[in-house]
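So the chains spell out like this:
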Amino acid sequence: MSLANNRRLKHLCIAVASVVYCAGAWAASELDDSAQAKAKLSVVRARIADLANRLGDELEKRDALHARLREAELVITAKRRRLDALRAAEAAAERRRSELRMEQGRDQNALQAERTALTEQVRAAYMIGRQEELKLLLKQSNPASLGRTLAYYGYFARERSDKIDTIQTQMMRLQQLAAQIDQETLQLKTLEIEGNHEVAALERARADRAAALAALTKQVASGNQELANLKREEQAVESLVADLARMMQDFPVDATLSFDRMRGKLPWPVQGSVTAHYQQQHASGVRWNGEMIEAARGAKVRAPYFGRVVYADWLQGLGLLLIIGHSGGYMTLYGHAEVLYKSVGDWVAPGDVIAALSDAAGAAPQLYFEIREGRKTVDPKVWLKTNP
């Protein structure tokens, strides 16, 4: 092999080893945190939970309408998660029932084949007549032929007995399958009833949310009030990010999976059209710190890169908000979700479903997406691929 080929092979091996190392590092981080990291994570989780509770308490004292909205949206996400779980269980039960029915059909065909074979044997025995073994003995004159005849007769008799045993076993199995199918059918009916109850509860929660939003809209009818609210909401986000930035110093993340190298390569968290751009002004003059993305109803929100959830709760101005911490002190924020599928401390990988938008009828839902480098906002377009 030439020196050039040796060098190329060496470089290829180093590249492969690097990929394997990164994948292994992520798998190790995801599956088996060290005891020290787990202890640190537990402390930070408790601090974040205290922070979320404090924000909720402060909101209740300061703003009854927003507190009412927060409660309605938290109920909605709980109902959505319960409904999703019920639908998954219903689909699994339906699959089990279908598999049991297929098995039942195969067993019925096998049973019918065994019955047909046994019927032929019984008909042959009947044609020989009663006491056929004795008749065979009396008819034989050659001792050698007699031995073979008795052996054949014994074989056919045992085969008939085995077929009868097989038929009985198959009939018992069919009875068991029928009982299992009945049980799965009952389970499906129960799940369907529970699902209908959850749908009704979800609609009631959405009605409560709509009423709270209507009351808030009425309250901020004046431009001055709207500006004050936007300023307060902006301050709530800034305060939360500052607290999380400090906590992330103690938050175990995988430093080998560099977020910084993903400039211009990140996939959009949801497919849709951008309705508000980074640093674009509201009508009141306040600027957006991220992108508003209009998407299809019920659209799934996916993590664009490796990281760990550092916040998953409600925040004034952004509703249900999930924040992922990445290596290098970066954070990505996802606001206005209707259901969150991840909790504080959960690892996420590119493409993981982390949240979902509203699937209710009406206007298309919108996701708020923001990227932070520490406490500083950055333009998402610098990081994301060209089209959402």
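All values reported here derive from a predicted model rather than from experimental measurement. (Residues numbered from 1 in each chain as written. Predicted model: local features only at pLDDT ≥ 70, side-chain atom pairs only at ≥ 80, totals over all residues. Heavy atoms only, no water.)

> Any chance you could break down the overall build of the chain for me, citing the residues and the numbers?
Each helix and strand in the chain was counted, giving seven helices and eleven strands. Per-residue burial for the chain yields a buried fraction of 39% across its 388 residues. Considering only contacts in the chain between residues 6 or more positions apart, those separated by 24 or more positions represent 74%. Total accessible area computed for the chain in this model is approximately 21,600 Å², and 54% of it derives from carbon and sulfur atoms. (Helix = DSSP H or I, 4+ residues; strand = E, 2+ residues; numbered from the N terminus. Buried < 20%, exposed > 50% of the residue type's maximum accessible area, 1.4 Å probe, protein only. Contact = heavy atoms within 4.5 Å. Areas by Shrake-Rupley, 256 points an atom, 1.4 Å probe, with all protein chains shown as cover.)

> Got a sec to walk through the nonpolar core? Specific residues and values, please.
The biggest cluster of nonpolar side chains holds 33 residues, and the ones touching the most others in it are Leu266, Tyr334 and Ile354. Elements with a contribution of two residues or more to this core: strand 2 (291-295), strand 4 (307-315), strand 5 (319-325), strand 6 (330-337), strand 9 (353-356) and strand 10 (366-373). Apart from the residues lying within four places of it in its own chain, the contact partners of Tyr334 are Pro269, Val301, Pro304, Leu320, Leu321, Leu322, Ile324, Ile354, Leu367, Tyr368 and Phe369. If you look at the next biggest cluster of nonpolar residues, it comprises 22 residues, including Ile48, Leu240, Val241 and Trp288. (Core = buried A, V, L, I, M, F, W, Y, C linked by side-chain atoms within 4.5 Å.)

> Outline the sheet that holds strand 7 (residues 339-340), listing residues and values.
Backbone-to-backbone hydrogen bonds pair the strands of a sheet. The strands run either parallel or antiparallel. One open sheet accounts for three strands, arranged 3-9-7; its pairing is antiparallel. Of all strands in the sheet, those with a lone pairing partner are strand 3 (300-302) and strand 7, marking the two edges. Across three bridges, the pairing between strand 3 and strand 9 is antiparallel. Looking across to strand 9, one finds that Lys300 is bridged to Ala356. (Pairing = 2+ DSSP bridges.)

> So, the pattern of salt bridges: which residues are in play, and what are the values?
Summed over all chains, the structure comprises eight salt bridges. Between Asp359 and Arg80 there is a salt bridge, with its nearest N and O atoms 3.8 Å apart. Here Asp359, found in the loop between strand 9 and strand 10, pairs with Arg80, found in helix 3 (residues 64-128); they are 279 residues apart in sequence, far enough to count as distant. With a relative accessible area of 3%, Arg80 lands in the buried category. When salt bridges that share partners are traced, they join Arg80, Glu338 and Asp359 into one network. (Salt bridge = Lys/Arg side-chain N within 4 Å of Asp/Glu carboxyl O.)

> Hey, could you go over the pairing of strand 6 for me, with residue numbers and the actual values?
Consecutive side chains along a regular strand alternate between the two faces of the sheet. The buried fraction of strand 6 amounts to seven of the eight residues, a majority that puts the element mostly inside the structure. In this structure, strand 5 lies alongside strand 6, joined through five bridges in antiparallel fashion. For Gly325, the partnering residue across the bridge sits in strand 6 and is Met331. Taking the residues that link successive antiparallel strands as the turn, the strand 5-strand 6 hairpin has four residues, and the phi of Gly328 there is positive, at about 80°.

> Report on the side chain of Thr77, specifying residues and quantitative values.
With respect to the secondary-structure elements, Thr77 resides in helix 3. With residues near it in sequence (within four places) discarded, Thr77 still touches Leu320, Glu338, Val339 and Leu340.

> How would you explain the pairing of strand 9 if you had to name every residue and give the values?
Where strand 7 and strand 9 come together, two bridges link them in antiparallel fashion. Bridge pairing in strand 9 places Leu340 opposite Ala355.

> Give me the environment of Ala110: which residues, what numbers.
Mapped onto the fold, Ala110 is located in helix 3. Taking the C-alpha atoms as reference, Ala110 lies 8.3 Å from Gln170; in sequence the two are 60 residues apart.

> Explain the packing of aromatic side chains to me, using residue names and the numbers behind them.
Scanning the model with the defined rule gives seven aromatic pairs in all. Considering the side-chain rings of Phe259 and Tyr305, the 5.9 Å spacing of their centres and the 65° angle between planes classify their relative orientation as edge-to-face. Here Tyr305 lies in the loop between strand 3 and strand 4 and Phe259 lies in the loop between helix 6 (223-247) and strand 1 (272-276), a separation of 46 residues in the sequence. The class of Phe259 is buried, set by a relative accessible area of 0%. (Phe/Tyr/Trp six-rings, centres within 6.5 Å; stacked < 30°, edge-to-face > 60°.)

> Report on the side chain of Glu198, specifying residues and quantitative values.
You can see Glu198 is positioned in helix 5 (residues 143-219). With residues up to four places along the chain from it excluded, the contact list for Glu198 reads Lys79, Arg82, Leu83 and Leu86.

> A description of the environment of Ser273 should follow, citing residues and the corresponding values.
With respect to the element layout, Ser273 can be found in strand 1. Residue Ser273 is classed as partly exposed on the basis of its relative accessible area of 36%. Counting along the chain gives 21 residues from Ser273 to Glu294, while the straight-line C-alpha distance between them is 5.3 Å. Dropping the residues within four chain positions of it, Ser273 is found in contact with Met292, Ile293 and Glu294.

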